[in-house]
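Structure assessment
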Amino acid sequence: IVLAADTRVTHGSSPVGPHDQAGKQYPLQPYNCAAAIAGSISECHEFVGRLVQQMELLAEGEREPYREEVMEAINDARFQVFRSKIDQSLRANVGLTLEEWHERFVPPAEFDMMAEKIGMQAIRATPLNVSCIVGGFIGENTMFFQAKGMEHIRSESSPGIHAIGSGAALAMDQLNK
């Protein structure tokens with residue numbers, strides 16, 4: 001498995017200019033795995049921190065984790081980041097936390113169609129700007145996954161080719177030659 005990443009970071013509409021000294025690959029100790037990231041650097045850093053925590057929890061088990069458990073760890077890390085973004089979006093757009101919205105408008109509370117609609121609009125308008133490729137080995141098993149935003153994780157038991165980020169299309173063209 002070969003994971004590669006550039007080191008260029010841009011800051012969107014920020015007055016801070018781009019730079020070429022950013023780290024976009026992270027070890028996933030204690031396993032022989034790593035994650036390459038693309039997207040919002042602040043969201044990606046939070047995601048990687050949570051993924052490292054998930055991998056540490058897997059290491060506490062009595063056996064090496066299965067591929068499905070690593071996929072679940074990736075999903076759990078993504079949902080932890082996404083949940084806080086949804087909470088902030090609801091606070092800004094509806095004036096309620098995610099927990100308050102659930103308590104007031106989602107059954108078994110009395111269902112309010114308009115409140116549900118407004119809340120779901122805020123949730124759907126909240127992207128998760130995290131893409132990652134996780135690759136490596138746990139014991140004899142190959143781990144190779146790609147996760148983009150909240151899309152389904154792509155899994156390969158024998159390494160395929162994945163690319164993420166703004167250069168993904170160009171990278172795929174080059175890798176498939």
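Our structure is the block above this text.
One structure accompanies this document, and this report is about it. Please read all numbers here as calculations on a predicted model, not as lab measurements.

Taking 1.5 Å of rise per residue, 27 residues should cover 39 Å, and helix α2 (residues 67–93) covers 38 Å from first to last C-alpha, within 8% of that figure. With its phi angle positive at about 85°, Gly95 sits one or two positions after the end of α2.

Turning next to the packing of helix α1 (residues 41–59) against α2. Axis separation between α1 and α2 bottoms out at 9 Å; the angle between their running directions is 140°. On the basis of their axis angle, the class for α1 and α2 is oblique. Crossing of α1 against α2: the hand is right-handed. Every residue of α2 that contacts α1 at Glu43, Glu46, Phe47, Arg50, Leu51, Gln54, Met55 and Leu58 is listed here: Glu69, Val70, Ala73, Ile74, Asp76, Ala77, Arg78, Gln80, Val81, Ser84 and Lys85. Residues that form the contact of α1 with α2 fall into these classes: 9 nonpolar, 3 polar and 7 charged.

Counting 36 residues, the largest nonpolar core has Phe47, Leu51, Met55, Val70, Ile74, Val134 and Phe145 as its most contacted members. Elements supplying a minimum of two residues to this core: β2 (32–39), α1, α2, α3 (98–105), α4 (113–124), β3 (130–138) and β4 (141–148). Residue contributions to this core peak at 9 residues, all from α2. Excluding residues within four positions of it along the chain, Phe145 makes contact with Arg67, Val70, Met71, Ile74, Cys132, Ile133, Val134, Ile153, Arg154 and Ser155.

A cluster of nonpolar side chains, contributed by Val94, Met114 and Ile118, occupies part of the molecular surface with about 240 Å² of accessible area. Mapped onto the elements of the fold, Val94 is located in the loop between α2 and α3.

Locating Gly39 in the fold gives a position in strand β2. The exposure class assigned to Gly39 is exposed, which follows from its relative accessible area of 52%. Each C-alpha atom of the pair Gly39 and Val130 lies 5.0 Å from the other, and the pair is 91 residues apart in sequence. In this view, Gly39 contacts Cys44 and Asn129; residues no more than four positions away in its chain are not counted.

Most peptide bonds take the trans configuration, and most residues that are not glycine carry a negative phi. In this structure, Pro30 follows Gln29 across a cis peptide bond, with omega equal to 5°. Structurally, the position occupied by Pro30 is in the loop between β1 (25–27) and β2.

Here Ile118 shows up in helix α4. Considered as a pair, Ile118 and Asn93 are 25 residues apart in the sequence and their alpha carbons are 8.4 Å apart.

Attention now moves to the sheet that holds β1. Spatial strand order, β1-β2-β3-β4-β5: 5 strands in an open sheet with antiparallel pairing. Only two strands of the sheet have a single neighbouring strand rather than two, namely β1 and β5 (154–155). Direction of pairing for β4 relative to β5: antiparallel, over a ladder of 2 bridges. Its bridge partner lying in β5, Gln146 is registered against Arg154. Packing against the sheet, α1 makes contact with β1, β2 and β3, and its axis sits at approximately 160° to β2. α2 rests against β3, β4 and β5 of the sheet, and its axis sits at about 25° to β4.

Attention now goes to the packing of α2 against α3. Two elements in contact, α2 and α3, have axes whose closest approach is 8 Å; the angle formed by their N-to-C orientations is 70°. Taken together, the axes of α2 and α3 are roughly perpendicular relative to one another. Counted together, Arg83, Ile86, Asp87 and Leu90 of α2 and Leu98, Glu99 and Trp101 of α3 form the full contact between these two elements. For the contact of α2 with α3, the per-class residue count stands at 4 nonpolar, no polar and 3 charged.

Cut-offs and rules
- Residues numbered from 1 in each chain as written.
- Predicted model: local features only at pLDDT ≥ 70, side-chain atom pairs only at ≥ 80, totals over all residues.
- Heavy atoms only, no water.
- Helix = DSSP H or I, 4+ residues; strand = E, 2+ residues; numbered from the N terminus.
- Expected span 1.5 Å × (residues − 1).
- Axes fitted to C-alpha atoms, helices over the stretch in contact; angles between N-to-C directions.
- Parallel < 35°, antiparallel > 145°, perpendicular 65-115°, else oblique.
- Left-handed = near helix turned anticlockwise from the far one by under 90°.
- Contact = heavy atoms within 4.5 Å.
- Nonpolar A, V, L, I, M, F, W, Y, C, P; charged D, E, K, R; others polar.
- Core = buried A, V, L, I, M, F, W, Y, C linked by side-chain atoms within 4.5 Å.
- Buried < 20%, exposed > 50% of the residue type's maximum accessible area, 1.4 Å probe, protein only.
- Patch = residues over 30% accessible without salt bridge, like charges linked within 9 Å, V, L, I, M, F, W, Y side chains within 5 Å.
- Areas by Shrake-Rupley, 256 points an atom, 1.4 Å probe, with all protein chains shown as cover.
- Salt bridge = Lys/Arg side-chain N within 4 Å of Asp/Glu carboxyl O.
- Pairing = 2+ DSSP bridges.

Distances and angles like these do not, on their own, reveal function.
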